[in-house]
Amino acid sequence: MLTFLRQFFRDARNTGSIMPSSPALARAMVHGIATGAPQRWLEVGPGTGPFTRSLLAAKRPGDRLVIVELSKDFCVRLDADILAPWKRANPEQAAEVVLINAPIEDAKLEPGFDHVVCGLPFNNFPPELVERIMVQLRALIRPAGSLRYFAYVGARTLRDGRGALRGAAPLAAIEDRVLAGCARTSDVVMANIPPAKATTVILPS
Ligand SMILES: C[S@@+](CC[C@H](N)C(=O)[O-])C[C@H]1O[C@@H](n2cnc3c(N)ncnc32)[C@H](O)[C@@H]1O
């Protein structure tokens, strides 16, 4: 909690919130993720790791998880508090979970992920960056795979690079463009501060 607040004051735009997501939002983001043959999952923007915890709880031997986080401080905490203890308890799966400290835009990732769980604060980003990242994430997912992301309820407009509201560029317009042809469902999770809308996008087969 304090780590999150500290990081918010250091980098409000990229942190996007003063506190981590709730277990209820984590459940909505990760529901039904582990089915069938071993899978490859990507988590973007784990912060202090509420979604990471749910992913690790769902992970079966053979599932692989790549995590990409911009902030060095969050990476250090995530590793110390969640990843290292989990790897000590599951040594045979340790090599299947990889943390990369980089902006997702620069991460060199092999496409074909089954599911991408994205914790980025899209509503804080300039529209061009949101579109670029959504295009990138869509390209990383296999046919019929899923992209999951969330937005705070009421945060309907994106901001430009200087933090000013840019009402003409709602997240919905970018979603419609980039995610055309995909099935999209959303759940509002009230048990989160603030309440959030978790969206699951299924790519065409
Ligand atoms: C709103 S916080 C969400 C953290 C966590 N998923 C949660 O729900 O509590 C956004 C996270 O995305 C990270 N982030 C922001 N921009 C990023 C980027 N371009 N690439 C990777 N991570 C980024 C931030 O450092 C932060 O950890």
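Scoring rules and cut-offs
- Residues numbered from 1 in each chain as written.
- Predicted model: local features only at pLDDT ≥ 70, side-chain atom pairs only at ≥ 80, totals over all residues.
- Helix = DSSP H or I, 4+ residues; strand = E, 2+ residues; numbered from the N terminus.
- Rg over C-alpha atoms; globule rule 2.2 N^0.38 Å.
- Buried ≥ 20, exposed ≤ 12 C-beta atoms within 10 Å, placed from the backbone.
- Contact = placed C-beta atoms within 7 Å.
- Pairing = 2+ DSSP bridges.
- Axes fitted to C-alpha atoms, helices over the stretch in contact; angles between N-to-C directions.
- Near = placed C-beta within 6 Å.
- Nonpolar A, V, L, I, M, F, W, Y, C, P; charged D, E, K, R; others polar.

What follows concerns the overall build of the chain. Counting its secondary structure elements, the chain contains seven helices and nine strands. Taken over the C-alpha trace, the chain has a radius of gyration of 16 Å; the compact-globule value for 205 residues is 17 Å, and the two agree within 12%. On the principal axes, the C-alpha backbone points of the chain span a range of 50 × 40 × 35 Å. Buried positions account for 39% of the 205 residues belonging to the chain. Partitioning the contacts of the chain with sequence separation of at least 6, the portion at a separation of at least 24 is 74%.

Further remarks concern the sheet that holds strand β4 (residues 113–118). Across the sheet, which stays open at both edges, the seven strands sit in the order β3-β2-β1-β4-β5-β9-β8 with mixed pairing between neighbours. The strands lining the two open edges of the sheet, one partner per strand, are β3 (97–101) and β8 (183–189). For this sheet, the mean inter-axis angle between neighbouring strands, taken without regard to orientation, is 15°. Looking at chain direction, strand β5 (residues 141–152) and strand β9 (residues 196–202) are connected through seven bridges and run antiparallel. Bridging across to β9, Phe150 finds its partner in Ala198.

In the region of the ligand, 23 residues are neighbours, and Ser21, Gly45, Gly47, Leu70 and Gly119 sit closest. When residues of the shell around the ligand are traced back to their parent elements, those giving at least two are α2 (12–15), α4 (50–58) and β2 (64–69). For the shell around the ligand, the per-class residue count stands at 12 nonpolar, nine polar and two charged.

Right, let's talk about the environment of Ser146 for a bit. Here Ser146 is to be found in strand β5. Once residues lying within four places of it in the same chain are set aside, the contact partners of Ser146 are His115, Thr200, Val201 and Ile202.

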